[in-house]
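Tertiary structure, described
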Amino acid sequence: MTYQVRPGDTVTHIARRTGTSVAAIVSANGLDAAARIRAGQMLRIPSATAAPAAPAIAGVTHRVAAGETASGLAKRYGTTVAALIQANGLDRRGLIYVGQSLQIPGAGAAAPTSAAAPSGTYRVRAGDTVTGLARSWGTSVGAVVEANGLGGDGRIYAGQSLTMPGGAAAGARLVGSTFAGRTYPAATVDAANANKAALLTRGVPSRGAMQATVAQVAGAMGVDPALAQAHAYQESGFNHTAVSPANAVGTMQVIPSAGAWASQLVGRPLDLLDPHDNVVAGVAIIRQLVRTSPDLDTAIAGYYQGAASVQRNGMYPDTQRYVAAVRAHMARF
């Protein structure tokens, strides 16, 4: 059978839904080691291992929107967070992400027994360290070492699969609630944490690979590659796991509403968690701002502050610093 990937899908979820395995889907479709897929992609589901999908849990299916949380959905549908976790194979934090399809169990659905959902896993990339990963996961170096049976020096290697410690999965915040003196609403921060966790669990391309993607996409879309790379470097340092308290996602730090606008600009839905789609979204916005702004500085400012705000209020002091930084970065690319 074949399956068309929807925004928010992962190979793990597709395998669970179709009764096959991640390894079988990866092998059948020639996917890379990170099992990356994109919205709209057609996947072959191996018939040799495919089994009838498990009966749906009594209830309804809900597609996650920006700002939604497992606790909020449980309250809305009259069920429990524990039941949602059990029905959808979520981690013990109940983290969800935009575009994810959830089965909503009927009210009163049985909560899981003492066996908690497993912690997330992470595939080590070149340049990662235990110290850096522990900081990203909101846990300690000791917890990472203990959870993975590492040596006393905490040495890890590219391609290694690590378990995110239960302490981190038990509710630590991967993304804080404040940035540049502003505190963001709880729903926005919850969505940011869900997206951060999803990116860490999926694994993402290296910074060098993301830089190359930015340059390639910009050239293909008629945008100055130096300008696109300068924006990406200023926004995230080409780190696709970057998520801000405002829920600006990935390499290009695109918020969901801007992602929806970018989808309209390019004429197809864009998944901001997908590395390539994220870059397409950012470059599409840059291209539109350059086309509609009176000069390059105003276009650059619009990416950071918003074009309407720049037109209405002029550039704020931090926006002026942002423009100067992007201008400086252009010289290096």
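A quick note: this is a predicted structure, and the numbers were derived from the prediction, not measured.

1. Observations regarding the packing of aromatic side chains
Here the distance between the centres and the angle between the planes together describe a pair of aromatic rings. In this structure the tally under the stated criterion is four aromatic pairs. Between the aromatic rings of Phe238 and Phe333, the centroid separation amounts to 5.9 Å while the plane-to-plane angle is 85°, which identifies the pairing as edge-to-face. Residue Phe238 is located in the loop between α10 (225-236) and α11 (256-266), and its partner Phe333 is located in the segment after α15 (317-330); the two are separated by 95 residues in the primary sequence. In this structure Phe238 comes out as buried when scored by relative accessible area, which is 5%. With centroids separated by 4.6 Å and ring planes inclined at 20°, the aromatic side chains of Tyr304 and Tyr322 adopt a geometry described as stacked.

2. A short note on the side chain of Gln160
Along the polypeptide, Gln160 turns up in the loop between α6 (141-148) and β6 (161-163). A distance of 3.0 Å separates a polar atom in the side chain of Gln160 from the backbone nitrogen of Tyr157. The residues touching Gln160, leaving out its near neighbours within four places in the chain, are Tyr122, Arg123, Val124, Leu150 and Arg155.

3. A few points about the packing of α11 against helix α12 (residues 275-292)
In contact at an axis separation of 9 Å, α11 and α12 are set at 75° when each is read in the N-to-C sense. Classified by the interaxial angle, the pair formed by α11 and α12 is roughly perpendicular. Here α11 contributes Ala258, Trp261, Ala262, Leu265 and Val266 to the contact with α12, which in turn contributes Val280, Ala281, Ala284, Ile285 and Gln288. Classifying every residue of the contact of α11 with α12 by side-chain character gives nine nonpolar, one polar and no charged.

4. Re the pattern of salt bridges
A side chain of one charge can pair with a side chain of the opposite charge when the charged atoms of the two come close. Applying the stated criterion across every chain, the model contains two salt bridges. A salt bridge links Arg268 to Asp277; its shortest N-O distance comes to 2.9 Å. For Arg268, a relative accessible area of 33% puts it in the partly exposed group. On the basis of relative accessible area, Asp277 is assigned to the buried category, the value being 1%.

5. Focus: the confidence of the model for the protein chain
Fine structural detail should not be taken from predicted coordinates in areas where pLDDT scores are low. With 77% of its residues at a pLDDT of 70 or more, the protein chain shows a mean pLDDT of 78. Below pLDDT 50 for its whole length, residues 48-59 participates in 19 contacts with residues either more than four positions away or in separate chains. A low-confidence stretch, residues 167-171 (pLDDT under 50), is modelled with 10 contacts involving residues beyond four sequence positions or located in other chains.

6. Notes on the nonpolar core
Counting 56 residues, the largest nonpolar core has Met252, Val254, Val283 and Tyr303 as its most contacted members. When residues of this core are assigned to their parent elements, the largest contribution, eight residues, is made by α12. Taken domain by domain, the makeup of this core includes at least three residues from each of domain 3 (120-164) and domain 4 (207-331). When sequence neighbours within four positions are dropped, the list of residues in contact with Val254 reads Asn247, Ala248, Val249, Gly259, Leu272, Asn278, Ala281, Gly282, Ile285 and Tyr303. Listed in part, the 10 residues of the second largest apolar core include Val5, Val26, Leu31 and Leu43.

7. Some words on unusual backbone geometry
The phi angle of most residues is negative, glycine excepted, and most peptide bonds adopt the trans form. The backbone of Asn247 shows a phi angle near 65°, a positive value even though the residue is not glycine. Following the sequence through the fold, Asn247 ends up in the loop between α10 and α11.

8. Focus on the packing of helix α13 (residues 296-305) against α15
When two helices pack together, you describe them by how their axes are tilted relative to each other and by the distance separating the axes. Axis separation between α13 and α15 bottoms out at 9 Å; the angle between their running directions is 115°. Relative to α15, the crossing made by α13 is right-handed. The residues of α15 that touch α13, namely those facing Leu296, Asp297, Ile300, Ala301, Tyr303, Tyr304 and Gln305, are Asp318, Thr319, Tyr322, Val323, Val326, Arg327 and Met330. Tallied by class, the residues present in the contact of α13 with α15 amount to nine nonpolar, two polar and three charged.

Here is what the cut-offs are and how they apply
Residues numbered from 1 in each chain as written. Predicted model: local features only at pLDDT ≥ 70, side-chain atom pairs only at ≥ 80, totals over all residues. Heavy atoms only, no water. Phe/Tyr/Trp six-rings, centres within 6.5 Å; stacked < 30°, edge-to-face > 60°. Helix = DSSP H or I, 4+ residues; strand = E, 2+ residues; numbered from the N terminus. Buried < 20%, exposed > 50% of the residue type's maximum accessible area, 1.4 Å probe, protein only. Polar contact = N/O pair within 3.5 Å; in protein donor to acceptor, adjacent residues only side chain to side chain. Contact = heavy atoms within 4.5 Å. Axes fitted to C-alpha atoms, helices over the stretch in contact; angles between N-to-C directions. Parallel < 35°, antiparallel > 145°, perpendicular 65-115°, else oblique. Nonpolar A, V, L, I, M, F, W, Y, C, P; charged D, E, K, R; others polar. Salt bridge = Lys/Arg side-chain N within 4 Å of Asp/Glu carboxyl O. pLDDT = per-residue confidence, 0-100. Core = buried A, V, L, I, M, F, W, Y, C linked by side-chain atoms within 4.5 Å. Domains from an automatic or database assignment. Left-handed = near helix turned anticlockwise from the far one by under 90°.

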